[in-house]
Amino acid sequence: VQLQASGGGLVQAGGSLRLSCAASGRTLSSNVMGWFRQAPGKEREFVSAISRSGSGTEYADSVKGRFTISRDNAKNTAYLQMNSLKPEDTALYYCAADKSIHIGLSTRTSDYDYWGQGTQVTVSS
């Protein structure tokens, strides 16, 4: 699976962005999709994940109530709607695909098999 993340940019605090992750090479519906982010000097951290059907989602506490993950398997694309953005959301955002079966949705980077190149999100105060 090749993943292409897009939609990042510069936004003021309180603003919104919608990230997209387009997949090619394999049907997206066979993978759990996740979003991770990495700020300068910090480790990559889990943001959100969505089940293969889209019926199940998981969020980091820091983004609950502000971010919404979704997917359109017919378009082979996953999304991350980010509202009420804060300066601490500034990071390089990665989408990832997990082809394996786990109990629940994994939040661990090591469980994800395919990664996009990242898209930069910068939130100004």
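Residues numbered from 1 in each chain as written. Predicted model: local features only at pLDDT ≥ 70, side-chain atom pairs only at ≥ 80, totals over all residues. Heavy atoms only, no water.

**Here's the deal with the overall build of the protein**
The helix and strand tally for the protein stands at zero helices and eleven strands. In summary, the protein has a C-alpha radius of gyration of 13 Å against a globular reference of 14 Å for 125 residues, a match within 12%. Referenced to the eigenvectors of the C-alpha coordinate spread, the extents of the protein come out at roughly 40 × 25 × 25 Å. Looking at the protein as a whole, 46% of its 125 residues qualify as buried. (Helix = DSSP H or I, 4+ residues; strand = E, 2+ residues; numbered from the N terminus. Rg over C-alpha atoms; globule rule 2.2 N^0.38 Å. Buried < 20%, exposed > 50% of the residue type's maximum accessible area, 1.4 Å probe, protein only.)

**Some details on the state of the cysteines**
Chemically, a disulfide is nothing more than a covalent bond linking the sulfur atoms of two cysteines. All told, the structure shown has one disulfide when counted by the stated rule. With a sulfur-sulfur separation of 2.2 Å, Cys21 is cross-linked through a disulfide to Cys95. Taking the sign of the S-S torsion, 65° for the link of Cys21 and Cys95, the bridge is right-handed. Highlighted residues: Cys21 in strand S3 (residues 17-24) and Cys95 in strand S9 (residues 91-98), separated in sequence by 74 residues. Here Cys21 matches Cys95 in class, with each residue buried. (Disulfide = S-S within 2.5 Å.)

**Quick notes on the nonpolar core**
Ranked by internal contacts, the top residues of the largest apolar core, which has 37 residues, are Leu3, Met33, Trp35, Phe67, Leu80, Met82 and Tyr93. Residue assignment for this core shows that the elements contributing at least two residues are strand S1 (2-6), S3, strand S4 (32-38), strand S5 (45-50), strand S7 (67-72), strand S8 (77-82), S9 and strand S11 (119-124). Element by element, the count of residues in this core is highest for S9, at five residues. (Core = buried A, V, L, I, M, F, W, Y, C linked by side-chain atoms within 4.5 Å.)

**Digging into the sheet that holds S3**
The strand order across the open sheet formed by four strands is S1-S3-S8-S7, and the pairing between neighbours is antiparallel. Whereas interior strands pair on both sides, the edge strands pair on one side only; in this sheet they are S1 and S7. Geometrically, the sheet is characterised by an average inter-axis angle of 15° between neighbouring strands, direction not taken into account. In the sheet, S7 pairs with S8 via six bridges, with the strands oriented antiparallel. Counterpart to Arg71 in the pairing with S8 is Ala78. (Pairing = 2+ DSSP bridges. Axes fitted to C-alpha atoms, helices over the stretch in contact; angles between N-to-C directions.)

**A few points about the environment of Lys86**
Its place among the elements puts Lys86 in the loop between S8 and S9. Sequence separation of Lys86 and Leu10 is 76 residues, and the distance between their C-alpha atoms is 12 Å. When residues no more than four places from it in sequence are discounted, the contact partners of Lys86 are Arg66 and Val123. (Contact = heavy atoms within 4.5 Å.)

**Here we look at the side chain of Arg71**
Secondary-structure assignment places Arg71 in strand S7. The buried charged residue Arg71 lacks any salt bridge, with Asp72 as its nearest oppositely charged partner at 8.4 Å. Side-chain polar atoms of Arg71 contact the backbone oxygen of Leu28, separated by 2.8 Å. Reaching out from Arg71, the side chain makes a polar contact with the backbone oxygen of Ser51 at a distance of 2.7 Å. (Lys, Arg positive; Asp, Glu negative; His and termini not counted. Salt bridge = Lys/Arg side-chain N within 4 Å of Asp/Glu carboxyl O. Polar contact = N/O pair within 3.5 Å; in protein donor to acceptor, adjacent residues only side chain to side chain.)

**Considering the packing of aromatic side chains**
Following the criterion strictly, the structure yields five aromatic pairs and no others. Judged by centre distance (5.7 Å) and plane angle (75°), the rings of Phe36 and Phe46 are edge-to-face. Here the residue Phe36 occupies a position in strand S4, and Phe46 occupies one in strand S5, the gap between them amounting to ten residues. Assessed through its relative accessible area of 0%, Phe36 is described here as buried. Measuring from ring centre to ring centre gives 5.0 Å for Phe36 and Trp115, while their planes differ by 55°; the resulting arrangement is tilted. (Phe/Tyr/Trp six-rings, centres within 6.5 Å; stacked < 30°, edge-to-face > 60°.)

Scope: geometric values only; no functional claims are made or implied.
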